[in-house]
Amino acid sequence: MPVPLDGPPARGHTRGMDMTPPGPARLNRFTPQEALICAMVMMSAVDGSMTDAELKRMTRLVGDLPVFAGAGPGDVERVTDICLKLLGDAEGLDRGIAMIAAALPPRLRETAYLLACDVASANGEANQDELQFLQELRIGLDLDRLVAGAGERAARARFQVV
């Protein structure tokens, strides 16, 4: 069941992440972990809703991957609030992608793209809005098309169903 994107802000406790409340000053920067979470959240929310499958996928990735050491489900909720505020702006998508790119060292930019691909695969096939977001994210992160294509194909292969 999709989660509407206009609900009240979620609260969560974090370790090792910027705890500045989401306000105008907070919407100007991300930590690398927050940027990775934001890439997943924006992928999920770009079509206007976040499905249960996407939320579960993001929570599992944050819980399982070493790049998220010290982060937890509360971090996903908190960063989701920030990202949804960004997406509420006319230029929010471009600004969010720029903030993701600014927060990530080059070695983590592919990781952000692959995480977005994993979230896109949560519902099976990506829709047009999600494909457009992936293209804009690839450009914003300055990733090679072949690298991006390999990541997209790997996500599809990993999450195939019988």
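The structure under discussion appears in the preceding block.
Remember, predicted model here, so these are calculated numbers, not experimental data. (Residues numbered from 1 in each chain as written. Predicted model: local features only at pLDDT ≥ 70, side-chain atom pairs only at ≥ 80, totals over all residues. Heavy atoms only, no water.)

### What about the environment of L108?
Okay, step 1: Inspection of the secondary structure assignment puts L108 in helix α5 (residues 106–120).
Okay, step 2: For L108, a relative accessible area of 10% gives the class buried.
Okay, step 3: Once the C-alpha coordinates of L108 and P32 are considered, the two residues, 76 residues apart in sequence, prove to be 8.1 Å apart. (Helix = DSSP H or I, 4+ residues; strand = E, 2+ residues; numbered from the N terminus. Buried < 20%, exposed > 50% of the residue type's maximum accessible area, 1.4 Å probe, protein only.)

### Considering the pattern of salt bridges
Okay, step 1: Taken as a whole and assessed by the stated rule, the structure comprises 3 salt bridges.
Okay, step 2: The salt bridge partner of R60 is D64, with a shortest N-O separation of 3.8 Å. Of the two residues, R60 and D64 both sit in helix α2 (residues 52–64), 4 residues apart, roughly one turn of that helix.
Okay, step 3: R60 gets classed as partly exposed once you look at its relative accessible area, which sits at 36%.
Okay, step 4: Note that R158 is salt-bridged to D118, the shortest N-O span being 2.3 Å. One end of the pair, R158, is in helix α7 (residues 145–158); the other, D118, is in helix α5, and 40 residues separate them in sequence.
Okay, step 5: By relative accessible area, which is 7% here, D118 ends up buried. (Salt bridge = Lys/Arg side-chain N within 4 Å of Asp/Glu carboxyl O.)

### With respect to the nonpolar core
Okay, step 1: Within the largest apolar cluster, 44 residues are counted, with the highest numbers of intra-cluster contacts made by F30, M40, F68, I100, Y113 and L141.
Okay, step 2: Secondary-structure elements contributing two or more residues to this core are α1 (32–45), α2, α3 (73–87), α4 (92–103), α5, α6 (128–140) and α7.
Okay, step 3: Considering each element in turn, this core owes the most residues, 10 residues, to α1.
Okay, step 4: Residue contacts for L141: discarding those within four places in its chain leaves I100, A101, R109, A112 and Y113. (Core = buried A, V, L, I, M, F, W, Y, C linked by side-chain atoms within 4.5 Å. Contact = heavy atoms within 4.5 Å.)

### Some thoughts on α2
Okay, step 1: With 13 residues, α2 extends 18 Å between its outermost C-alpha atoms, agreeing within 8% with the 18 Å of an ideal straight helix rising 1.5 Å per residue.
Okay, step 2: For α2, the set of buried residues is E54, R57, M58, L61 and V62. The buried side chains of α2 occupy one side of the element, clustering within an arc of 125 degrees when seen end-on. Relative to its buried face, α2 has exposed residues pointing more than 90 degrees away, namely K56, G63 and D64.
Okay, step 3: Lining the buried residues of α2 we find α1, α3, α5 and α6. (Expected span 1.5 Å × (residues − 1). Arc of directions from axis to C-beta.)

### A look at the environment of F30
Okay, step 1: Mapped onto the fold, F30 is located in the segment before α1.
Okay, step 2: Judged by its relative accessible area of 9%, F30 is buried.
Okay, step 3: The contact partners of F30, leaving out residues within four places of it in the chain, are A35, C38, I82, C83, L86, M99, I100 and A103.

### What about the packing of α5 against α7?
Okay, step 1: Two elements in contact, α5 and α7, have axes whose closest approach is 9 Å; the angle formed by their N-to-C orientations is 35 degrees. In the packing of α5 onto α7, the handedness of the crossing is right-handed. Residues E110, Y113, L114, C117 and D118 of α5 form the contact with α7, whose participating residues are V147, A148, G151, E152, A155 and R158.
Okay, step 2: Grouping the amino acids of the contact of α5 with α7 by side-chain chemistry returns 6 nonpolar, 1 polar and 4 charged. (Axes fitted to C-alpha atoms, helices over the stretch in contact; angles between N-to-C directions. Left-handed = near helix turned anticlockwise from the far one by under 90°. Nonpolar A, V, L, I, M, F, W, Y, C, P; charged D, E, K, R; others polar.)

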